[in-house]
Protein chains: 4
Amino acid sequence: METTVRTAVMGVSGYAGMELVRLLLRHPSLTGTPPLLLGRPDGNPEPLAAVHPQLMDNNGTGLGPGGLEIEPFSWERLKDRGISVLFLATPHELSREWAPVALEHGIRVIDLSGAWRLTKASNRSVYKFHDEGSALAAAVQTKAVYGMPELHRDSIRNAPLIANPGCYATSIILALKPLVAAGWVDARRGIVCDSKSGVSGAGKAPTARTHFMHAADNLSAYGVFSHRHTGELLEQLDLQAEQIVFTPHLLPIPRGILSTIYLWFSQQRQASEVEAAYRRYFRESPLVRIFPAGHLPQIQYSVTTNYCDIGFHLSEDGRRCVIVSCLDNLLKGAAGQAVQNLNLMCGWDEAEGLR
Amino acid sequence: METTVRTAVMGVSGYAGMELVRLLLRHPSLTGTPPLLLGRPDGNPEPLAAVHPQLMDNNGTGLGPGGLEIEPFSWERLKDRGISVLFLATPHELSREWAPVALEHGIRVIDLSGAWRLTKASNRSVYKFHDEGSALAAAVQTKAVYGMPELHRDSIRNAPLIANPGCYATSIILALKPLVAAGWVDARRGIVCDSKSGVSGAGKAPTARTHFMHAADNLSAYGVFSHRHTGELLEQLDLQAEQIVFTPHLLPIPRGILSTIYLWFSQQRQASEVEAAYRRYFRESPLVRIFPAGHLPQIQYSVTTNYCDIGFHLSEDGRRCVIVSCLDNLLKGAAGQAVQNLNLMCGWDEAEGLR
Amino acid sequence: METTVRTAVMGVSGYAGMELVRLLLRHPSLTGTPPLLLGRPDGNPEPLAAVHPQLMDNNGTGLGPGGLEIEPFSWERLKDRGISVLFLATPHELSREWAPVALEHGIRVIDLSGAWRLTKASNRSVYKFHDEGSALAAAVQTKAVYGMPELHRDSIRNAPLIANPGCYATSIILALKPLVAAGWVDARRGIVCDSKSGVSGAGKAPTARTHFMHAADNLSAYGVFSHRHTGELLEQLDLQAEQIVFTPHLLPIPRGILSTIYLWFSQQRQASEVEAAYRRYFRESPLVRIFPAGHLPQIQYSVTTNYCDIGFHLSEDGRRCVIVSCLDNLLKGAAGQAVQNLNLMCGWDEAEGLR
Amino acid sequence: METTVRTAVMGVSGYAGMELVRLLLRHPSLTGTPPLLLGRPDGNPEPLAAVHPQLMDNNGTGLGPGGLEIEPFSWERLKDRGISVLFLATPHELSREWAPVALEHGIRVIDLSGAWRLTKASNRSVYKFHDEGSALAAAVQTKAVYGMPELHRDSIRNAPLIANPGCYATSIILALKPLVAAGWVDARRGIVCDSKSGVSGAGKAPTARTHFMHAADNLSAYGVFSHRHTGELLEQLDLQAEQIVFTPHLLPIPRGILSTIYLWFSQQRQASEVEAAYRRYFRESPLVRIFPAGHLPQIQYSVTTNYCDIGFHLSEDGRRCVIVSCLDNLLKGAAGQAVQNLNLMCGWDEAEGLR
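Note that the structure is predicted; figures quoted are calculated from it, not measured. Throughout, a residue's number is its position along its own chain's written sequence, starting from 1. To label them, take the chains in the order written and letter them from A, then take the ligands in the order written and number them from 1. Only residues with pLDDT of at least 70 are given local features in this predicted model, and only at 80 or more are side-chain atom pairs given and counted; all residues enter the totals for whole chains, interfaces and linings.

Take the overall build of chain A next. Along its length, chain A carries 13 helices and 15 strands. Taken across its 355 residues, chain A has 58% of its residues classed as buried. Note on contacts: residues are paired as contacts if their backbone-placed C-beta atoms lie within 7 Å. Across chain A, every contact between residues at least 6 apart in sequence was considered, and the portion connecting residues at least 24 apart equals 70%. We count a stretch as a helix when DSSP gives it H or I for four or more residues in a row; a strand needs E for two or more, and each element gets its number in order from the N terminus. The exposure scheme places C-beta atoms from the backbone and then counts, for each residue, the other C-beta atoms within 10 Å of its own, assigning buried at 20 or more, exposed at 12 or fewer, and partly exposed in between.

Structure below.
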């Protein structure tokens, strides 16, 4: 167990960054060592509360001097403060640039972007990384661990670089993995993943899509056959591209993801054995909640929690299964999972500060 | 073409009833002959504007005397007013009772409930009709036409009883029929219909599910493998139960349905031929809008219109198709389609009063 | 009555522009003469349905060739098409520039911006018009009529330039005018106008304020003691600045305004005489609905209508009055009122195409 | 400081009850002594997670045996468990009955209803209490302390019965008290309180008002000149009925209150002195956040926190002040304030478990 962990967060202004700061400030093992908050290298120091008034303390200084500040990023600053773990809540291009440098400085990285999640070049191609194919990138990629504790708990503990999973991918992989790993799924007949996400998943930049008038009272599908998270599904579930279809939708709610997943079993199954398979697989996973057969999770149950909730229904003939999986895209789908990874890296209880 | 059509609406207080009244009041061929508005047989007359203040006129009398009234239902009243077409926007049990009586009185019926949509007893069983198996019900059922003009235009014109389709069923059947009818769909590999509906679809009765605190900021699946509209899909698309899965979800919006539909083609297809198949099938259907390949409809585009909007994406290998279909559940999914049926029954232009 | 009226709309892409086009396309007296749709002078022609898919027709060409197009603005084009009335749904700076030119060309203008609403320079100062104080602007201002038919019906009929009122201002002025005009209000004790508007009022540009994550699940006050519509209240109600406070709020809904207005009467009043005063004042106004004493309008009742709804409550001592006024900010608060003005200018029924 | 505090919560199924349980379960001084959860005396034990799936733990037993249970209420049970503080999150009629009995049993009560908040019979009359005027009720009333720590911190510490304030009342009283107490407000000219609340304030019972279709995309005023919280304003601010108008509105959001308050100062004031007056008054109040002059709180900033946020704007002449006050109606407006009172009663830090 590390004795003093000093964390830094780059990308505080976004939604995942805000939740990450909130979790770190309340983390029992980090009491007295608030995270170093970092903004653009060429920016000016800025009170945290000016960016996120929700996080203002009550001494009235939140918008003036005093209180936590977001400081301009520099490697010197990280060094001076003795930072051992750097969270990157940054666009993936930035993470591609900075993660290698951090590793050189001996700083462990938990990257919330898609920069280091995919091991196959064919899956990475949608990202069009500027350094794709470079020797450095390839070397860094070999050090990266896909940061889904329920699947890769042991590798995470000692990883220098954690590729924190995508929010959609988390909801789908956790729902499918126990059944796929059991060898029960007839993937040749196709797995359908119909996912719906709140608007925070679309980022903080004001765009036509995130405008209230577009998002409210609406539902739209996007990225059909082309969403970036598809590669994570293929790699983590060991599937071929034609075996899975994933369609994300933009929901008129601030946060939360619900994925409805349709699959065929190779042979007839009972609800009780499906439930048992889930419980067995997640026996030691404190942040997954399995619903009893016949009960389904809803987005509302998981929002503001760090859980992934999973429930399912079997067809009468026991051949088809509909799984519903829910999580808070900013927590278990981003910041919560990042802190879960931190806990493992530091030898703490996996769910510390996350219940 | 009929010269004088007199309509009545039973069940004015619900959401579909309100939209129906609104459409009938504005219908060009019904100018000067407003619908007879009917409520419970044992109720008192009540101003329409007291139930739906939206429909109040500006003479200030909307909540007092004057203006349109909802009158207690009685067969005498229908006779006295010379009603030729009766809309039933009532629960299905009531429609089971009243439609036969109306037919006896020589009144044509457009029933918005699920009472008369299904020809096979096995599909009807979920409804648990009190008169299931009776000779009268069987006789009435043979007179009923499934009121989807795009599929049954000719039968509708002379039908004594129209079974207006379910809202979910409309969005799915219109999206699938052209491809199924063309014989392109490999139904053995399974068709997945993932539908999402606004809360008006759940009816006006205040329940735990329709409480704002449950519906808002939430998404939930329900009726998995058991929703009543499934039978309509099977009958209208001529599918076996194991060939289609339909999962409805409750969206945090007042109105609108989006169905995301996943299917396999038996052989490779081009986007252009799929689009052409849709356009061909709906060539004479004024209330279906086909989106160009690569463009998808959104709920927002169809809400407050009487259209069903359809778009699709093909997988790179041309074997899988994702269709997105949208409509306003209270209009094309209920009242709008009912008026479309009225238009056909009266020999008017199919889209009159609906554009 | 004019025989052939040809209209043009500049600024079609915004929300008010879209509603205006929708109203003009359905207007009974404009059948066969659709409005000329205009976009940026340096833009390319663009299908209307590409900008507003809601308005797509069903021939499938909405996103391709055919169907209505938005054409680049030019005075030649207006001339060639014989345009007699030009709607400006443009930012106020543009309206300041273009309205004078249109008048020179003999084209009547209905301007939906704040460019020409205010006769006193002190009230206009918040707009910081580039041509403030110029002789031309002063001359044009004298030709402008404040386009609130309920107050200025006769002047509107022959006006060359209509300054269509602000949305907030419409909801407040219509609610206050009958009582102020009757001399009943003790303005020295202060009138409080607490208004709440849906997000469409904030315009189509994606900004931090209109981002779904900011607007949803939220309420915020803004423009306290400084909102631009205040000048309209002062001028139309003949009040001094210290006699009225107006605070707008941003509601988490797409459209609709509700203003709650608090005033003191100079002497005790009965509810019946207040209601009578309203009915008397709006006796010939088809687009104002007065609610019976004790009943209040709600935003929901007026949204998608062209009405302004007004209701009130009196305190027990008859000295204080709380008025609630509702309208759809894009209709009675913008496009609907603009068409109402068009109707008057053309000698048509004031409410034609607006019920 | 008490050594062992055992709490019980009656009325767990409601929204405030749920938040209360959540706060008590996480309260640092209550670790290891979870609250006794109580339901109807004639009910059956029920898992907490069956009522509030959000609170399910991850052991999968949340919906079955194990986990926290809601037990049927009985005085014996309270005695057996050694309960020292009973929270009543019950309708006011029940609180009128039970609080006296609890006091007899030597159990301190924190009542979240309106049962014991008002000392004057005239203000209580709107509640129509069944025992109004009885000697017992009068005796109990004298023991009750209005549980607003910022005003009555010292009396709360030793009170046997805490009348937890109304949600609207909390937002208004905290915003007005510092200025009224300073003697700056010209109350004769009238104070206007225009409040807007999320739907959770309307309770969990499904009604026409709380139906999603009524609450969503809407805003409505209610209880004009007659809302029950008015009496709290009069008593706590020492005002006459004609000096204050309070109008609540139902917002289309789950939770949060924003009150916009309008007042006249007796003489001209500077923004800096107003801000200073607020800071002075709340110097020792950890759960009030004063915004710097020129910055206003928004509902979003306070939701899910236990703070009341206050900001203001002065008119140019320094005579009129518009105050905006926000809080989460279920936290600072109910459960959070209840725990704040518990903290004081137990000698703990006032904000323990509430930051």
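Now for the domain arrangement of chain A. Residue and element names in this part refer to chain A. By the assigned domains, chain A splits into domain 1 (7-165 + 334-345) and domain 2 (167-329). Its C-alpha centre places domain 1 at a distance of 26 Å from the equivalent point of domain 2. If you look at the interface, domain 1 gives 21 residues, while domain 2 gives 21 residues. Secondary structure elements with two or more residues in the side of domain 1 that touches domain 2: α5 (121-124), α7 (149-157) and α13 (331-345). Looking at the side of domain 1 that touches domain 2 element by element, the count peaks at four residues for α13. Segmentation of the chain into domains, including their bounds, is taken from an automatic or database domain assignment.

What holds strands together in a sheet is hydrogen bonding between their backbones, with the strands either parallel or antiparallel. All names here are of chain B. Pairing is mixed across the open sheet formed by eight strands, whose spatial order is β3-β4-β2-β1-β5-β6-β8-β7. For this open sheet the edge positions go to β3 (46-47) and β7 (144-146), each flanked by a neighbour on one side alone. Here the rule is simple: two strands pair whenever DSSP picks up at least two bridges between them. The pairing of strand β1 (residues 7-10) with strand β5 (residues 85-88) spans four bridges and is classified as parallel. Note on β5: the bridge partner recorded for V9 is F87. Here helix α13 (residues 331-346) sits on the sheet and contacts β5, β6 (108-111) and β8 (161-163); the angle it forms with β6, its principal contact strand, is near 155 degrees. Axis geometry follows a simple rule: fit a line to the C-alpha atoms, using only the stretch in contact for helices, then measure angles between N-to-C directions, giving values from 0 to 180 degrees.

Across the boundary between the two partners, chain D contributes 13 residues, which contact 14 residues of chain B. Residue type decides the class: Asp, Glu, Lys and Arg count as charged, Ala, Val, Leu, Ile, Met, Phe, Trp, Tyr, Cys and Pro as nonpolar, and the leftover types, Gly among them, as polar. For the side of chain D that touches chain B, the class distribution of residues is eight nonpolar, four polar and one charged.

Residue and element names in this part refer to chain B. Taking every second residue as pointing to the same face, both faces of strand β2 (residues 36-39) are buried, with L36 and L38 on one and L37 and G39 on the other. The sheet contact formed by β1 and β2 spans three bridges and is parallel. Bridging from a neighbouring strand, M10 pairs with L38 of β2. Looking down the strands as they point away from the viewer, one classifies a crossover as right-handed if the path from the first strand across the helix to the second runs clockwise. Regarding topology, helix α1 (residues 15-25) serves as the crossover connection from β1 to the parallel β2, and that connection is right-handed. For β2 and strand β4 (residues 69-72), the ladder comprises three bridges, and the chain directions are parallel. In the strand pairing of β4, L38 is matched with E71.

With that settled, consider the interface of chain B and chain A. Counting from both sides, the interface comprises 34 residues of chain B and, opposite them, 34 residues of chain A. Secondary structure elements with two or more residues in the side of chain B that touches chain A: β9 (191-197), β10 (220-221), β11 (244-250), β12 (257-264), α12 (299-302) and β15 (320-327) of chain B. Broken down by element, the residue count for the side of chain B that touches chain A peaks at four residues, all from β12 of chain B. Taken together, the residues of the side of chain B that touches chain A sort by class into 17 nonpolar, nine polar and eight charged.

With that settled, consider the environment of P34 of chain B. Residues and elements named next belong to chain B. Looking at the element boundaries, P34 is found in the loop between α1 and β2. Placed 13 residues apart in sequence, P34 and V21 show a C-alpha to C-alpha distance of 8.6 Å. P34 has contacts with L25 and L68, leaving out every residue within four places of it along the chain.

Summary statistics for chain A give a mean pLDDT of 95 and a share of 97% for residues scoring 70 or more. Counting contacts from residues 60-65 of chain A, a segment whose pLDDT is below 50, to residues more than four positions away or on other chains yields 15 contacts. pLDDT expresses, on a scale from 0 to 100, how confident the predictor is about each individual residue.

Residue and element names in this part refer to chain A. Two elements in contact, helix α8 (residues 167-181) and helix α10 (residues 230-237), have axes whose closest approach is 10 Å; the angle formed by their N-to-C orientations is 25 degrees. Taken as axis vectors, α8 and α10 run roughly parallel relative to one another. With respect to the hand of their crossing, α8 and α10 are arranged in right-handed fashion. Side by side, α8 and α10 meet where A169, I172, I173, L176, K177 and V180 of the first sit next to E232, L233, Q236 and L237 of the second. The class makeup of the residues in the contact of α8 with α10 is seven nonpolar, one polar and two charged. Comment on the angle field: the value is read as roughly parallel under 35 degrees, roughly antiparallel over 145, roughly perpendicular from 65 to 115, and oblique elsewhere. Less than a right angle of anticlockwise turn of the near helix away from the far helix marks a crossing as left-handed, whereas a clockwise turn marks it as right-handed.

As a further point, take the relation of the copies chain D and chain B. We place the copies in one frame by least squares, fitting the C-alpha atoms of every residue whose pLDDT is at least 70 in both. Overlay of chain D on chain B (RMSD 0.0 Å): rotation 180 degrees, translation along the axis 0.0 Å. In symmetry terms, the pair is related by a two-fold rotation axis.

Now for the environment of P45 of chain A. All names here are of chain A. Within the secondary structure, P45 is located in the loop between β2 (36-39) and β3 (46-47). A tally of 10 C-beta atoms within 10 Å means that P45 is categorised as exposed. Here the alpha-carbon distance between P45 and F73, two residues 28 residues apart in the chain, equals 9.8 Å. Every residue in contact with P45, bar those within four places of it in the chain, is listed here: E69, I70, E71 and P72.

Here we come to the sheet that holds strand β12 (residues 257-264) of chain C. The sheet built from seven strands is open, its strands ordered β10-β11-β9-β12-β15-β14-β13 (chain C) with mixed pairing. If you trace the sheet from one side to the other, it starts and ends with β10 (220-221) and β13 (288-290) of chain C, each paired once.

Before going further, it helps to spend a moment on helix α7 (residues 149-158) of chain B. Residues and elements named next belong to chain B. For α7, every residue scored as buried is listed here: P149, E150 and I156. Seen end-on, α7 carries its buried residues on one side only, within an arc spanning 40 degrees. Counted as exposed and oriented over 90 degrees from the buried face of α7: D154 and N158. Packed against the buried residues of α7 are β7, β8, α8 (167-181), β13 (288-290) and α13. Of all possible arcs, the one meant is that of the directions from the helix axis to the C-beta atoms.

It is worth spelling out helix α4 (residues 92-104) of chain D at this point. All names here are of chain D. With 13 residues, α4 extends 19 Å from end C-alpha to end C-alpha; this agrees with the ideal 18 Å at 1.5 Å per step. Note that the bend at a residue is defined as the angle between axes fitted to the seven residues ending at it and the seven residues starting at it. When the local axis directions of α4 are compared, the greatest deviation, roughly 30 degrees, occurs at W98, which is followed within four positions by the proline P100. Residues of α4 that are buried include every one of S95, R96, W98, A99, P100 and A102, and no others. In the segment just after α4, G106 is the residue with positive phi, at about 75 degrees. Expected span of a helix: the number of residues minus one, times 1.5 Å.

In this section: the relation of the copies chain B and chain A. Each copy superposes on the other: chain B lies on chain A with an RMSD of 0.0 Å after a rotation of 180 degrees and an axial shift of 0.0 Å. The residues that chain B uses at the interface reappear at the interface of chain A in 100% of cases, marking a shared surface.

What follows is about the environment of R269 of chain D. Residue and element names in this part refer to chain D. On the secondary structure map, R269 appears in the loop between β12 (257-264) and α11 (271-281). When the 20 C-beta atoms within 10 Å are taken as the criterion, R269 is described as buried. Along the primary structure R269 and S125 are separated by 144 residues, whereas in three dimensions their C-alpha atoms are 38 Å apart. Setting aside chain neighbours within four positions, we find R269 in contact with W184, V274, L314 and G318.

On to the packing of helix α8 (residues 167-181) of chain D against helix α13 (residues 331-345) of chain D. Residues and elements named next belong to chain D. Remark: α8 packs on α13, axes separated minimally by 8 Å, with the N-to-C direction vectors making an angle of 95 degrees. Our classification of the angle between α8 and α13 gives roughly perpendicular. On the side of α8, the interface is formed by C167, T170 and S171, while α13 contributes K332, G333, A334 and Q337. Per-class residue counts for the contact of α8 with α13 are two nonpolar, four polar and one charged.

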